[in-house]
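Geometric and topological summary
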Amino acid sequence: SAGIAVVGAAETTELGRLPGISQLQLHADAALNALADAGLEVADIDGFATAGDRPTDVAHYLGITPHWVDGTSVGGCSFMIHVRHAAAAIEAGLCETVLITHAESGRSRVGVAPWGARSGLAAQFEAPYGVTGPPTMFTIPALRFMAERGVSHEQLAMVAVVQREWAGLNPRATYRDPITVDDVQESRMIAYPFHLLECCLVTDGGGALILTSAERATDFPHPPVFVLGH
């Protein structure tokens, strides 16, 4: 899909702990920031995708009447799949300018259903036994990988250490102080083999992308980022 380009990208104005902003408002904030980055107005958007919340709800809140919409939800990778679907939709002529938003009031839980208010197979057969999210769901695959590849607990902990190094370079990161392998292994065990410092932060915030065809990509304020594959 070298014919598709990302022409706008932004995060929410604030990140971290935002008890005064609902999840829907975080979607809108990220969207408006991405529109400003691309020099576009809400009326220029004719394709929309999101996950976590219903795309119809977010589009309505933003005042968008999309020709094409995608609510594919497969967890944290949903938004990468939205890029792939948006590329296909633009190439098929279903729309010209696609907005993808992600928002999560993960820490403050403002305007979000309470934890445990889920239905379906996972709620019936997994959640009662404590299998509820990445730290508990990724344990067995990680242990299998460690056994097959000979990866040690110290090497697993080093992933968190290096990620914290990168966070230290980002002024928007929640935690920027360096940590050591010992710090990771001495932190509280959450679900074997994962310690607290090996688990993803839960924060409030979001981000957005805007995609269009390569032919139009030179009409925007910043150099486009072309989609090479998916």
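Definitions and limits used
- Here, residues in each chain are numbered from 1, in the same order as that chain's written sequence.
- Residues qualify for local features only when their pLDDT is at least 70, as the model is predicted, and side-chain atom pairs are given and counted only at 80 or more; totals for whole chains, interfaces and linings, by contrast, use all residues.
- In computing side-chain properties, one takes all heavy atoms of the structure into account and sets aside hydrogens as well as water.
- Only runs of H or I of at least four residues qualify as helices and only runs of E of at least two qualify as strands under DSSP, and these elements are numbered from the N terminus.
- Contact between two residues is taken to exist if any of their heavy atoms lie within 4.5 Å; hydrogens are not considered.
- Think of it in three bands: residues with accessible area under 20% of the maximum for their type are buried, residues over 50% are exposed, and the middle band is partly exposed, with areas taken using a 1.4 Å probe on protein chains only.
- Under this definition, polar contacts are N or O atom pairs within 3.5 Å; protein pairs additionally need one hydrogen-donor-capable and one acceptor-capable atom, and for neighbouring residues in sequence, both atoms have to be side-chain atoms.
- Among the buried residues, those of types Ala, Val, Leu, Ile, Met, Phe, Trp, Tyr and Cys that are joined through side-chain atoms within 4.5 Å form a nonpolar core.
- Whether two strands pair comes down to DSSP finding at least two bridges between them.
- Only C-alpha atoms enter the line fits that serve as axes; for helices the fit covers just the stretch in contact. Angles between N-to-C directions range over 0 to 180 degrees.
- A clockwise path from the first strand over the helix to the second, with the strands pointing away from the viewer, defines a right-handed crossover.
- Surface patches are drawn from residues lacking salt bridges whose relative accessible area is over 30%; two like charges belong together within 9 Å, two nonpolar side chains (Val, Leu, Ile, Met, Phe, Trp, Tyr) within 5 Å.
- Per-residue accessibility takes into account occlusion by the displayed protein chains alone, with areas from the Shrake-Rupley method and a 1.4 Å probe.
- When a carboxyl oxygen of Asp or Glu is within 4 Å of a side-chain nitrogen of Lys or Arg, the pair counts as a salt bridge.

**Concerning the environment of I90**
- Along the chain, the position of I90 falls in helix α3 (residues 78-91).
- A sequence separation of 123 residues divides I90 from S213, and the C-alpha atoms of the two residues are 6.7 Å apart.
- Setting aside anything within four residues of it in sequence, one finds I90 in contact with I4, C95, E96, V98, L211, T212 and S213.

**Considerations on the side chain of T97**
- Relative to the elements of secondary structure, T97 occurs in the loop between α3 and β4 (98-105).
- Judged by its relative accessible area of 2%, T97 falls in the buried class.
- Within the structure, T97 has its side chain in polar contact with the side chain of R216 (distance 2.8 Å).

**As for the nonpolar core**
- One finds L62, L99 and I210 to be the most contacted residues of the largest nonpolar core, which totals 20 residues.
- Elements that contribute at least two residues to this core include exactly β1 (4-11), α1 (23-38), α2 (55-62) and β7 (204-213).
- Among the elements that make up this core, the one with the highest residue count is α1 (six residues).
- Other than its neighbours up to four places away in sequence, L99 contacts A31, I45, G47, F48, A49, L62, I64, A208, L209 and I210.
- Among the nonpolar cores identified, the runner-up in size contains 16 residues, and A49, A51, F79 and V227 belong to it.

**Side note on unusual backbone geometry**
- With an omega of 10°, the peptide bond running from Y192 to P193 counts as cis.
- Position of P193 among the secondary structure elements: in the loop between β5 (189-191) and β6 (194-195).

**Thoughts on the sheet that holds strand β8 (residues 225-226)**
- Spatially, the six strands line up as an open sheet ordered β3-β2-β4-β7-β1-β8, and their pairing is mixed. Pairing within the sheet leaves two strands with one partner each, and these edge strands are β3 (68-70) and β8.
- Two elements, β1 and β8, share two bridges in a ladder whose sense is antiparallel. The residue of β8 that forms the bridge with A5 is F226.
- Of the strands in this sheet, β1, β2 (47-50), β4 and β7 touch α1, which is tilted by about 125° from β1.
- Relative to β2, α2 is tilted by about 125°, and along the sheet it contacts β2, β3 and β4.

**Points about the pairing of β2**
- Burial along β2 is two-sided: G47 and A49 and F48 and T50, pointing in opposite directions, are all buried.
- Here β2 pairs with β3 via three bridges, running parallel. The partner of A49 across the bridge, within β3, is D70.
- In this region the chain leaves β2, passes through α2 and returns to the parallel neighbour β3; the handedness of that crossover is right-handed.

**Quick notes on the environment of D53**
- Residue position: D53 is located in the loop between β2 and α2.
- Once the C-alpha coordinates of D53 and A103 are considered, the two residues, 50 residues apart in sequence, prove to be 8.5 Å apart.
- Ignoring any residue separated from it by four or fewer positions in sequence, one finds D53 in contact with Q23, H27 and V58.

**Looking at a nonpolar patch on the surface**
- On the surface, Y129, V131, M137 and F138 cluster together to form a nonpolar patch covering roughly 460 Å² of accessible area.
- Relative to the elements of secondary structure, M137 occurs in helix α5 (residues 134-137).

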